[in-house]
Amino acid sequence: MQLTRRKKLEIVVEAPVLRRVEAFLSEAGVRGWTVLPSLAGAGDSGEWRSGDFTPGQEKRLILALVSSEAAEKVLARLADFFADYPGVVAVSDVEVLRGEKF
Amino acid sequence: MVDSLQLALTNLLTPAILFFLLGFGAGWFKSDLAVPEGAAKTLALVLMLSIGFKGGVEAARAGLSADFMRAAGLGLALSFGIPVIAFGVLRLISRLDRTTAAATAAHYGSVSIVTFVAGTEFLRVSGVPFGGYMVAVVALMETPAILSALILAGGGAPGRQGLRSELFREVALNGSVVLLIGAFLVGLLTGDAGMAKMEVFVGPVFQGVLVLFLLDMGLVAARRLSAARSLTLPLVGFALIMPLVSSALALTLALILGLAPGNAAVLAILAASASYIAVPAAMRIALPDADPGVYLTLSLAVTFPFNLVFGVPLYAAAAQAFIG
(Lines give C-alpha, C1' and ligand atoms only; values in the text may rest on other atoms or scores of the structure.)
Protein backbone atom coordinates (compact mmCIF):
# COMPACT_ATOMS: atom_id res chain seq x y z
CA MET A 1 0.00 0.00 0.00
CA GLN A 2 1.70 3.16 -1.25
CA LEU A 3 0.88 6.56 0.29
CA THR A 4 1.88 9.76 -1.52
CA ARG A 5 2.30 13.23 -0.06
CA ARG A 6 -0.09 15.84 -1.39
CA LYS A 7 -1.64 19.13 -0.32
CA LYS A 8 -5.24 19.46 0.85
CA LEU A 9 -6.97 22.72 0.04
CA GLU A 10 -10.07 23.72 2.00
CA ILE A 11 -11.62 26.83 0.50
CA VAL A 12 -14.71 28.53 1.93
CA VAL A 13 -16.44 31.09 -0.31
CA GLU A 14 -19.94 32.46 -0.77
CA ALA A 15 -22.26 30.58 -3.12
CA PRO A 16 -22.55 33.29 -5.84
CA VAL A 17 -18.80 33.21 -6.55
CA LEU A 18 -18.39 29.43 -6.36
CA ARG A 19 -18.01 28.86 -10.09
CA ARG A 20 -15.35 31.53 -10.39
CA VAL A 21 -13.26 29.87 -7.68
CA GLU A 22 -13.78 26.42 -9.23
CA ALA A 23 -12.33 27.95 -12.40
CA PHE A 24 -9.15 28.81 -10.45
CA LEU A 25 -8.79 25.12 -9.67
CA SER A 26 -9.32 23.85 -13.21
CA GLU A 27 -7.06 26.57 -14.63
CA ALA A 28 -4.31 25.46 -12.24
CA GLY A 29 -4.58 21.94 -13.59
CA VAL A 30 -6.41 20.45 -10.63
CA ARG A 31 -8.20 17.35 -11.83
CA GLY A 32 -10.95 17.01 -9.26
CA TRP A 33 -12.59 18.56 -6.22
CA THR A 34 -15.73 18.27 -4.11
CA VAL A 35 -18.12 21.01 -3.03
CA LEU A 36 -19.87 20.76 0.33
CA PRO A 37 -22.77 22.84 1.71
CA SER A 38 -22.80 24.62 5.06
CA LEU A 39 -25.37 25.35 7.75
CA ALA A 40 -24.38 28.62 9.42
CA GLY A 41 -21.47 30.91 10.04
CA ALA A 42 -20.12 34.21 11.28
CA GLY A 43 -17.29 36.48 10.35
CA ASP A 44 -16.37 39.89 9.08
CA SER A 45 -19.19 39.87 6.54
CA GLY A 46 -21.72 39.21 9.27
CA GLU A 47 -23.64 36.21 10.52
CA TRP A 48 -25.85 33.92 8.53
CA ARG A 49 -27.92 30.84 9.17
CA SER A 50 -29.43 28.40 6.69
CA GLY A 51 -33.14 29.14 6.26
CA ASP A 52 -32.80 32.69 7.52
CA PHE A 53 -33.17 34.47 4.17
CA THR A 54 -29.54 35.35 3.73
CA PRO A 55 -29.43 35.26 -0.05
CA GLY A 56 -25.91 35.11 -1.33
CA GLN A 57 -24.31 34.66 2.08
CA GLU A 58 -24.49 30.85 2.18
CA LYS A 59 -21.01 29.39 2.07
CA ARG A 60 -19.62 26.48 0.10
CA LEU A 61 -16.61 24.43 1.14
CA ILE A 62 -14.39 23.26 -1.71
CA LEU A 63 -12.23 20.30 -0.85
CA ALA A 64 -9.36 19.51 -3.21
CA LEU A 65 -6.35 17.20 -3.04
CA VAL A 66 -3.62 18.73 -5.19
CA SER A 67 0.08 18.72 -5.96
CA SER A 68 2.32 21.37 -4.39
CA GLU A 69 2.66 23.19 -7.72
CA ALA A 70 -1.08 23.33 -8.26
CA ALA A 71 -1.55 24.47 -4.65
CA GLU A 72 0.82 27.39 -5.20
CA LYS A 73 -0.99 28.46 -8.35
CA VAL A 74 -4.40 28.29 -6.68
CA LEU A 75 -3.19 30.17 -3.61
CA ALA A 76 -1.80 32.95 -5.80
CA ARG A 77 -5.18 33.35 -7.54
CA LEU A 78 -7.01 33.26 -4.21
CA ALA A 79 -4.72 35.86 -2.65
CA ASP A 80 -5.75 38.23 -5.42
CA PHE A 81 -9.42 37.22 -5.24
CA PHE A 82 -9.69 37.69 -1.49
CA ALA A 83 -8.64 41.30 -1.90
CA ASP A 84 -12.17 41.93 -3.18
CA TYR A 85 -14.32 39.02 -2.03
CA PRO A 86 -14.76 37.28 1.32
CA GLY A 87 -13.43 33.75 1.85
CA VAL A 88 -10.85 31.64 3.59
CA VAL A 89 -8.39 28.98 2.48
CA ALA A 90 -6.39 26.50 4.50
CA VAL A 91 -3.57 24.31 3.17
CA SER A 92 -2.48 21.16 4.90
CA ASP A 93 -0.10 18.29 4.23
CA VAL A 94 -1.82 14.99 3.70
CA GLU A 95 -1.03 11.52 2.47
CA VAL A 96 -3.26 9.92 -0.12
CA LEU A 97 -3.81 6.62 -1.81
CA ARG A 98 -3.41 6.46 -5.60
CA GLY A 99 -1.32 9.62 -5.60
CA GLU A 100 -1.00 9.55 -9.37
CA LYS A 101 -4.66 10.66 -9.55
CA PHE A 102 -3.99 14.01 -7.90
CA MET B 1 -61.47 58.31 5.71
CA VAL B 2 -63.41 56.02 8.03
CA ASP B 3 -63.91 53.75 5.03
CA SER B 4 -60.14 53.50 4.54
CA LEU B 5 -59.59 52.78 8.20
CA GLN B 6 -62.21 50.04 8.00
CA LEU B 7 -60.43 48.52 5.03
CA ALA B 8 -57.07 48.76 6.77
CA LEU B 9 -58.41 46.84 9.76
CA THR B 10 -59.98 44.24 7.49
CA ASN B 11 -56.55 43.94 5.84
CA LEU B 12 -55.07 43.03 9.19
CA LEU B 13 -57.59 40.30 9.87
CA THR B 14 -56.69 38.16 6.86
CA PRO B 15 -54.93 34.80 7.40
CA ALA B 16 -51.92 36.01 5.42
CA ILE B 17 -51.15 38.99 7.67
CA LEU B 18 -52.07 37.14 10.83
CA PHE B 19 -49.75 34.23 10.01
CA PHE B 20 -47.01 36.77 9.32
CA LEU B 21 -47.59 38.25 12.77
CA LEU B 22 -47.65 34.76 14.26
CA GLY B 23 -44.29 34.01 12.69
CA PHE B 24 -42.98 37.35 13.90
CA GLY B 25 -44.09 36.65 17.46
CA ALA B 26 -42.70 33.11 17.39
CA GLY B 27 -39.38 34.36 16.05
CA TRP B 28 -39.18 37.19 18.53
CA PHE B 29 -39.69 34.92 21.51
CA LYS B 30 -37.18 32.44 20.09
CA SER B 31 -39.49 29.54 19.36
CA ASP B 32 -37.80 26.77 17.39
CA LEU B 33 -40.54 26.91 14.76
CA ALA B 34 -38.83 26.88 11.40
CA VAL B 35 -39.64 26.36 7.75
CA PRO B 36 -36.89 24.21 6.16
CA GLU B 37 -34.73 26.09 3.68
CA GLY B 38 -35.57 23.85 0.72
CA ALA B 39 -39.26 24.25 1.48
CA ALA B 40 -38.97 28.03 1.63
CA LYS B 41 -37.26 28.11 -1.76
CA THR B 42 -39.96 25.84 -3.22
CA LEU B 43 -42.67 28.09 -1.79
CA ALA B 44 -41.02 31.08 -3.47
CA LEU B 45 -41.05 29.24 -6.80
CA VAL B 46 -44.73 28.38 -6.46
CA LEU B 47 -45.52 32.01 -5.63
CA MET B 48 -43.61 33.32 -8.63
CA LEU B 49 -45.18 30.81 -10.98
CA SER B 50 -48.73 31.43 -9.76
CA ILE B 51 -48.49 35.22 -9.79
CA GLY B 52 -46.94 35.28 -13.23
CA PHE B 53 -49.43 32.83 -14.66
CA LYS B 54 -52.49 34.56 -13.21
CA GLY B 55 -51.25 37.92 -14.46
CA GLY B 56 -50.75 36.50 -17.93
CA VAL B 57 -54.25 35.02 -18.05
CA GLU B 58 -55.77 38.32 -16.93
CA ALA B 59 -53.73 40.17 -19.53
CA ALA B 60 -54.97 37.72 -22.18
CA ARG B 61 -58.56 38.50 -21.20
CA ALA B 62 -58.21 42.28 -21.04
CA GLY B 63 -55.46 42.81 -23.60
CA LEU B 64 -52.30 44.89 -23.30
CA SER B 65 -53.15 48.54 -23.49
CA ALA B 66 -51.23 51.78 -23.87
CA ASP B 67 -51.51 52.01 -20.09
CA PHE B 68 -49.18 49.01 -19.91
CA MET B 69 -46.45 50.81 -21.86
CA ARG B 70 -46.77 53.85 -19.62
CA ALA B 71 -46.79 51.75 -16.44
CA ALA B 72 -43.81 49.72 -17.65
CA GLY B 73 -41.86 52.85 -18.58
CA LEU B 74 -42.61 54.48 -15.25
CA GLY B 75 -41.71 51.28 -13.40
CA LEU B 76 -38.33 51.09 -15.11
CA ALA B 77 -37.65 54.77 -14.41
CA LEU B 78 -38.53 54.28 -10.73
CA SER B 79 -36.28 51.24 -10.44
CA PHE B 80 -33.33 53.16 -11.88
CA GLY B 81 -34.12 56.43 -10.11
CA ILE B 82 -35.21 55.56 -6.56
CA PRO B 83 -31.75 54.22 -5.61
CA VAL B 84 -30.29 57.63 -6.41
CA ILE B 85 -32.70 59.33 -4.01
CA ALA B 86 -32.25 56.64 -1.35
CA PHE B 87 -28.45 56.90 -1.65
CA GLY B 88 -28.60 60.64 -1.21
CA VAL B 89 -30.82 60.39 1.84
CA LEU B 90 -28.65 57.71 3.45
CA ARG B 91 -25.43 59.68 2.93
CA LEU B 92 -27.14 62.72 4.39
CA ILE B 93 -28.73 61.29 7.52
CA SER B 94 -26.59 58.31 8.42
CA ARG B 95 -22.90 57.48 8.69
CA LEU B 96 -23.07 54.52 6.32
CA ASP B 97 -20.07 54.05 4.07
CA ARG B 98 -20.60 54.68 0.38
CA THR B 99 -20.72 51.00 -0.62
CA THR B 100 -23.25 49.90 1.98
CA ALA B 101 -25.36 52.98 1.28
CA ALA B 102 -25.41 52.17 -2.44
CA ALA B 103 -26.25 48.51 -1.79
CA THR B 104 -29.08 49.50 0.57
CA ALA B 105 -30.36 52.01 -1.97
CA ALA B 106 -30.52 49.23 -4.58
CA HIS B 107 -32.92 47.28 -2.38
CA TYR B 108 -35.33 50.21 -2.25
CA GLY B 109 -35.30 50.71 -6.00
CA SER B 110 -36.16 47.05 -6.52
CA VAL B 111 -39.39 45.32 -5.53
CA SER B 112 -40.78 42.74 -3.14
CA ILE B 113 -43.03 40.25 -4.89
CA VAL B 114 -44.78 39.31 -1.67
CA THR B 115 -45.63 42.96 -1.00
CA PHE B 116 -47.04 43.04 -4.54
CA VAL B 117 -49.18 39.99 -3.75
CA ALA B 118 -50.43 41.49 -0.50
CA GLY B 119 -51.07 44.80 -2.23
CA THR B 120 -53.01 43.35 -5.15
CA GLU B 121 -55.07 41.19 -2.79
CA PHE B 122 -55.99 44.31 -0.84
CA LEU B 123 -56.96 46.16 -4.01
CA ARG B 124 -59.09 43.23 -5.12
CA VAL B 125 -60.90 43.11 -1.79
CA SER B 126 -61.43 46.89 -1.96
CA GLY B 127 -62.90 46.53 -5.43
CA VAL B 128 -60.18 48.56 -7.19
CA PRO B 129 -59.44 47.20 -10.69
CA PHE B 130 -55.91 47.09 -12.12
CA GLY B 131 -54.25 45.57 -15.16
CA GLY B 132 -53.18 41.90 -15.07
CA TYR B 133 -50.12 43.04 -17.01
CA MET B 134 -48.80 44.77 -13.87
CA VAL B 135 -47.07 41.46 -13.13
CA ALA B 136 -44.81 42.11 -16.10
CA VAL B 137 -44.05 45.54 -14.62
CA VAL B 138 -43.01 43.82 -11.37
CA ALA B 139 -40.54 41.67 -13.29
CA LEU B 140 -39.13 44.74 -15.07
CA MET B 141 -38.59 46.59 -11.79
CA GLU B 142 -36.60 43.83 -10.10
CA THR B 143 -33.11 44.38 -11.43
CA PRO B 144 -32.35 47.86 -12.90
CA ALA B 145 -31.75 49.11 -9.36
CA ILE B 146 -28.71 46.82 -9.14
CA LEU B 147 -27.04 48.72 -11.98
CA SER B 148 -27.81 52.08 -10.38
CA ALA B 149 -26.19 50.94 -7.16
CA LEU B 150 -23.09 49.74 -8.95
CA ILE B 151 -22.68 53.16 -10.57
CA LEU B 152 -23.37 55.01 -7.32
CA ALA B 153 -20.78 53.00 -5.42
CA GLY B 154 -18.20 53.11 -8.20
CA GLY B 155 -17.83 49.37 -7.65
CA GLY B 156 -15.05 47.64 -9.55
CA ALA B 157 -14.88 44.25 -7.85
CA PRO B 158 -16.83 42.25 -10.45
CA GLY B 159 -14.77 43.65 -13.33
CA ARG B 160 -11.43 43.17 -11.56
CA GLN B 161 -12.16 39.57 -10.64
CA GLY B 162 -13.80 38.38 -13.84
CA LEU B 163 -17.29 38.18 -12.40
CA ARG B 164 -18.94 40.41 -14.99
CA SER B 165 -20.79 37.52 -16.63
CA GLU B 166 -22.04 36.32 -13.25
CA LEU B 167 -23.35 39.80 -12.55
CA PHE B 168 -24.90 40.09 -15.99
CA ARG B 169 -26.63 36.80 -15.40
CA GLU B 170 -27.99 38.02 -12.05
CA VAL B 171 -29.30 41.22 -13.62
CA ALA B 172 -30.65 39.97 -16.94
CA LEU B 173 -31.40 36.32 -16.26
CA ASN B 174 -32.28 36.40 -12.60
CA GLY B 175 -34.18 33.24 -11.65
CA SER B 176 -37.25 34.88 -10.13
CA VAL B 177 -37.57 37.29 -13.04
CA VAL B 178 -37.27 34.52 -15.62
CA LEU B 179 -39.94 32.46 -13.87
CA LEU B 180 -42.22 35.45 -13.41
CA ILE B 181 -42.03 36.59 -17.02
CA GLY B 182 -42.08 33.01 -18.31
CA ALA B 183 -45.19 32.16 -16.31
CA PHE B 184 -46.76 35.43 -17.50
CA LEU B 185 -46.14 34.44 -21.11
CA VAL B 186 -47.54 30.96 -20.52
CA GLY B 187 -50.66 32.51 -19.00
CA LEU B 188 -50.90 34.96 -21.88
CA LEU B 189 -50.61 32.18 -24.47
CA THR B 190 -52.90 29.60 -22.86
CA GLY B 191 -55.48 32.03 -21.46
CA ASP B 192 -58.70 30.58 -20.07
CA ALA B 193 -57.95 27.09 -21.33
CA GLY B 194 -54.70 27.10 -19.41
CA MET B 195 -56.39 28.54 -16.34
CA ALA B 196 -58.89 25.66 -16.33
CA LYS B 197 -55.94 23.28 -15.83
CA MET B 198 -54.10 25.42 -13.28
CA GLU B 199 -57.11 26.70 -11.34
CA VAL B 200 -56.65 24.70 -8.16
CA PHE B 201 -52.89 25.23 -8.04
CA VAL B 202 -52.92 29.00 -8.55
CA GLY B 203 -56.12 29.47 -6.56
CA PRO B 204 -56.69 27.57 -3.31
CA VAL B 205 -53.20 25.99 -3.14
CA PHE B 206 -51.61 29.39 -3.74
CA GLN B 207 -53.40 30.80 -0.70
CA GLY B 208 -51.87 28.09 1.47
CA VAL B 209 -48.42 28.60 0.00
CA LEU B 210 -48.68 32.35 0.55
CA VAL B 211 -49.60 31.86 4.17
CA LEU B 212 -46.68 29.48 4.80
CA PHE B 213 -44.31 31.85 3.06
CA LEU B 214 -45.47 34.78 5.19
CA LEU B 215 -45.14 32.67 8.33
CA ASP B 216 -41.51 32.06 7.39
CA MET B 217 -40.98 35.73 6.59
CA GLY B 218 -42.34 36.70 9.99
CA LEU B 219 -39.97 34.26 11.70
CA VAL B 220 -36.99 35.50 9.75
CA ALA B 221 -37.85 39.18 10.16
CA ALA B 222 -38.14 38.82 13.94
CA ARG B 223 -34.91 36.83 14.26
CA ARG B 224 -33.09 39.36 12.16
CA LEU B 225 -34.44 42.28 14.12
CA SER B 226 -33.54 40.83 17.49
CA ALA B 227 -30.04 39.97 16.28
CA ALA B 228 -29.43 43.33 14.63
CA ARG B 229 -26.44 45.15 15.97
CA SER B 230 -25.83 47.89 13.43
CA LEU B 231 -29.28 49.50 13.46
CA THR B 232 -29.22 53.17 14.35
CA LEU B 233 -32.22 55.47 14.66
CA PRO B 234 -31.47 57.27 11.37
CA LEU B 235 -31.36 53.92 9.56
CA VAL B 236 -34.66 52.70 11.01
CA GLY B 237 -36.14 56.11 10.23
CA PHE B 238 -34.93 55.76 6.66
CA ALA B 239 -36.50 52.29 6.35
CA LEU B 240 -39.85 53.68 7.47
CA ILE B 241 -39.81 56.98 5.58
CA MET B 242 -38.24 55.96 2.26
CA PRO B 243 -41.29 53.83 1.30
CA LEU B 244 -43.49 56.87 1.87
CA VAL B 245 -41.22 59.03 -0.30
CA SER B 246 -41.06 56.42 -3.07
CA SER B 247 -44.80 55.84 -3.17
CA ALA B 248 -45.48 59.59 -3.22
CA LEU B 249 -43.07 59.98 -6.12
CA ALA B 250 -44.70 57.09 -7.97
CA LEU B 251 -48.20 58.52 -7.46
CA THR B 252 -47.15 61.98 -8.62
CA LEU B 253 -45.58 60.65 -11.79
CA ALA B 254 -48.53 58.31 -12.37
CA LEU B 255 -50.89 61.28 -12.10
CA ILE B 256 -48.83 63.24 -14.64
CA LEU B 257 -48.75 60.28 -17.02
CA GLY B 258 -52.49 59.73 -16.67
CA LEU B 259 -52.38 56.17 -15.40
CA ALA B 260 -55.55 54.50 -14.19
CA PRO B 261 -55.94 54.74 -10.38
CA GLY B 262 -55.64 50.97 -9.82
CA ASN B 263 -52.37 50.74 -11.78
CA ALA B 264 -51.10 53.86 -10.03
CA ALA B 265 -51.83 52.22 -6.67
CA VAL B 266 -49.91 49.10 -7.72
CA LEU B 267 -46.93 51.20 -8.84
CA ALA B 268 -46.97 53.08 -5.55
CA ILE B 269 -46.92 49.77 -3.67
CA LEU B 270 -44.08 48.49 -5.86
CA ALA B 271 -42.08 51.69 -5.47
CA ALA B 272 -42.45 51.51 -1.70
CA SER B 273 -41.40 47.87 -1.50
CA ALA B 274 -37.81 46.74 -1.02
CA SER B 275 -36.28 43.55 -2.35
CA TYR B 276 -34.82 40.89 -0.07
CA ILE B 277 -34.18 37.95 -2.39
CA ALA B 278 -32.91 38.96 -5.82
CA VAL B 279 -30.96 42.10 -4.91
CA PRO B 280 -29.09 40.82 -1.82
CA ALA B 281 -27.70 37.88 -3.80
CA ALA B 282 -26.59 40.19 -6.60
CA MET B 283 -24.98 42.52 -4.07
CA ARG B 284 -22.61 39.76 -2.89
CA ILE B 285 -21.17 39.85 -6.40
CA ALA B 286 -21.58 43.54 -7.26
CA LEU B 287 -20.64 45.17 -3.93
CA PRO B 288 -19.09 42.50 -1.68
CA ASP B 289 -17.81 45.11 0.77
CA ALA B 290 -21.32 46.25 1.60
CA ASP B 291 -22.66 45.07 4.95
CA PRO B 292 -25.56 42.61 4.55
CA GLY B 293 -26.41 43.12 8.22
CA VAL B 294 -27.59 46.60 7.28
CA TYR B 295 -29.40 46.15 3.99
CA LEU B 296 -31.07 42.83 4.74
CA THR B 297 -32.27 43.92 8.17
CA LEU B 298 -33.70 47.21 6.93
CA SER B 299 -35.42 45.65 3.93
CA LEU B 300 -36.68 42.47 5.56
CA ALA B 301 -37.22 43.35 9.20
CA VAL B 302 -38.32 46.99 9.05
CA THR B 303 -39.66 48.02 5.63
CA PHE B 304 -41.40 44.77 4.69
CA PRO B 305 -43.51 44.49 7.89
CA PHE B 306 -44.26 48.22 7.73
CA ASN B 307 -45.49 47.96 4.13
CA LEU B 308 -47.48 44.81 4.82
CA VAL B 309 -49.35 46.11 7.84
CA PHE B 310 -49.58 49.89 7.30
CA GLY B 311 -48.17 50.78 3.91
CA VAL B 312 -50.42 48.90 1.51
CA PRO B 313 -53.75 50.35 2.78
CA LEU B 314 -52.14 53.78 2.99
CA TYR B 315 -50.82 53.82 -0.59
CA ALA B 316 -54.11 52.43 -1.92
CA ALA B 317 -56.09 55.13 -0.11
CA ALA B 318 -53.72 57.83 -1.37
CA ALA B 319 -54.08 56.59 -4.94
CA GLN B 320 -57.86 56.71 -4.64
CA ALA B 321 -57.76 60.18 -3.10
CA PHE B 322 -55.38 61.81 -5.58
CA ILE B 323 -56.09 59.95 -8.77
CA GLY B 324 -59.32 57.95 -8.48
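Residues numbered from 1 in each chain as written. Chains lettered and ligands numbered in written order. Predicted model: local features only at pLDDT ≥ 70, side-chain atom pairs only at ≥ 80, totals over all residues. Heavy atoms only, no water.

For chain B, the helix and strand inventory stands at 15 helices and zero strands. Along the first, second and third principal axes, the C-alpha set of chain B runs to 50 × 45 × 40 Å. Within chain B, the fraction of its 324 residues that count as buried is 56%. Excluding contacts between residues fewer than 6 apart, the proportion of contacts in chain B whose partners are at least 24 apart in sequence is 90%. Of the roughly 12,900 Å² that chain B leaves accessible, carbon and sulfur atoms contribute 71%. (Helix = DSSP H or I, 4+ residues; strand = E, 2+ residues; numbered from the N terminus. Buried < 20%, exposed > 50% of the residue type's maximum accessible area, 1.4 Å probe, protein only. Contact = heavy atoms within 4.5 Å. Areas by Shrake-Rupley, 256 points an atom, 1.4 Å probe, with all protein chains shown as cover.)

Attention now moves to the environment of alanine 72 of chain B. Residue and element names in this part refer to chain B. Its location among the elements puts alanine 72 in helix H4 (residues 66–93). In this structure the C-alpha to C-alpha distance between alanine 72 and valine 135, which are 63 residues apart in sequence, comes to 10.0 Å. Residue contacts for alanine 72: discarding those within four places in its chain leaves Val137 and Leu140.

It is worth spelling out a nonpolar patch on the surface at this point. Residue and element names in this part refer to chain B. On the surface, Leu76, Phe80, Leu140 and Leu147 cluster together into a nonpolar patch covering about 290 Å² of accessible area. Structurally, leucine 147 can be placed in helix H8 (residues 144–153). The partly exposed category is assigned to leucine 147, whose relative accessible area is 37%. (Patch = residues over 30% accessible without salt bridge, like charges linked within 9 Å, V, L, I, M, F, W, Y side chains within 5 Å. Salt bridge = Lys/Arg side-chain N within 4 Å of Asp/Glu carboxyl O.)

The next thing to look at is the nonpolar core. Residue and element names in this part refer to chain B. Of all hydrophobic cores here, the largest spans 126 residues; its most connected members are Ile51, Leu267, Met283 and Leu287. Tallying contributions element by element places helix H15 (residues 292–322) first for this core, with 14 residues. Once residues lying within four places of it in the same chain are set aside, the contact partners of methionine 283 are Ala103, Ala106, His107, Ile146, Ala149, Pro288 and Tyr295. Residues Phe53, Val57, Met195 and Val202 belong to the second largest nonpolar core, which totals five residues. (Core = buried A, V, L, I, M, F, W, Y, C linked by side-chain atoms within 4.5 Å.)

A few words on the sheet that holds strand E1 (residues 3–14) of chain A. Either a parallel or an antiparallel arrangement is found when strands of a sheet pair, and the pairing is made through backbone hydrogen bonds. Residue and element names in this part refer to chain A. Reading across the sheet, the four strands line up as E2-E5-E1-E6 and stay open at both edges, with antiparallel pairing between neighbours. Every other strand in the sheet has two partners, leaving strand E2 (34–36) and strand E6 (87–97) as the edge strands with one partner each. Taken over all neighbouring pairs, the strand axes of this sheet differ in orientation by 20° on average, direction set aside. Taken together, the eight bridges between E1 and strand E5 (residues 59–66) define a ladder with antiparallel strand orientation. Considered in E5, the bridge of lysine 8 is made with leucine 65. Packing against the sheet, helix H1 (residues 18–27) makes contact with E1, E2 and E5, and its axis sits at approximately 155° to E1. (Pairing = 2+ DSSP bridges. Axes fitted to C-alpha atoms, helices over the stretch in contact; angles between N-to-C directions.)

Per-chain confidence: chain A averages 93 in pLDDT, with 100% of residues scoring 70 or above. Within chain A, E2 of chain A carries the highest mean pLDDT (98), whereas strand E4 (residues 46–49) of chain A carries the lowest (82). (pLDDT = per-residue confidence, 0-100.)

For strand E3 (residues 40–43) of chain A and E4 of chain A, the ladder comprises four bridges, and the chain directions are antiparallel. Each bridged residue has a counterpart across the sheet, and for alanine 40 of chain A the counterpart in E4 of chain A is arginine 49 of chain A.

Here chain B averages 92 in pLDDT, while 99% of its residues score no lower than 70. For this predicted complex, the interface confidence reaches an ipTM of 0.90, while the overall pTM sits at 0.92.

As for its position among the elements, serine 176 of chain B is in helix H11 (residues 175–227). Those residues in contact with serine 176 of chain B that sit more than four places away from it in its chain are Met48 and Glu142 of chain B.

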